[in-house]
Amino acid sequence: MRALNWFIRLILFMLLFGLALNNLEPTVLHLLFGTQWKAPLFVLLLAAFTLGAVLGALAMLPGWIRNRRMRAWPTEKRKPEPTIDEPVRSAPTVIDGTPDGV
């Protein structure tokens, strides 16, 4: 299993490396206030992916911290979790005098 894991990693690396080699053309990214960033396309793609991963992790950070705090509290001090009772079943509705509404 360990060898298969490394083989998959090698294949993934080779595919990404080939993608990088095929995208070496200089690309211009126009930023705010007339500034520009000239870099190979694969560098811009890697930067966009990294920025997205970092922003995603930062967006999840408050929930992670809240979850860690809740797990760290003793169970006596926690709010009781709501219990799920059996759902309320209502009587079938009668529309136009027929029980199924047909």
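Note that this is a predicted model, so its numbers are computed, not measured. (Residues numbered from 1 in each chain as written. Predicted model: local features only at pLDDT ≥ 70, side-chain atom pairs only at ≥ 80, totals over all residues. Heavy atoms only, no water.)

Draft legend 1. Local environment of the overall build of the protein chain. The number of helices and strands found in the protein chain is two helices and two strands. The secondary structure elements of the protein chain, listed N-terminal to C-terminal, are α-β-β-α. Residues classed as buried in the protein chain amount to 4% of the 102 residues present. Taking all contacts inside the protein chain whose residues are at least 6 apart in sequence as the whole, residues at least 24 apart take part in 0%. (Helix = DSSP H or I, 4+ residues; strand = E, 2+ residues; numbered from the N terminus. Buried < 20%, exposed > 50% of the residue type's maximum accessible area, 1.4 Å probe, protein only. Contact = heavy atoms within 4.5 Å.)

Draft legend 2. Summary view of the packing of aromatic side chains. Applying the stated rule across the entire model yields one aromatic pair. Aromatic pair Phe-13 and Phe-17: ring centres 5.8 Å apart, planes at 20°, arrangement stacked. Of the two residues, Phe-13 and Phe-17 both sit in helix H1 (residues 2–22), four residues apart, roughly one turn of that helix. By relative accessible area, which is 43% here, Phe-17 ends up partly exposed. (Phe/Tyr/Trp six-rings, centres within 6.5 Å; stacked < 30°, edge-to-face > 60°.)

Don't take any of this as a statement about function, it's just geometry.
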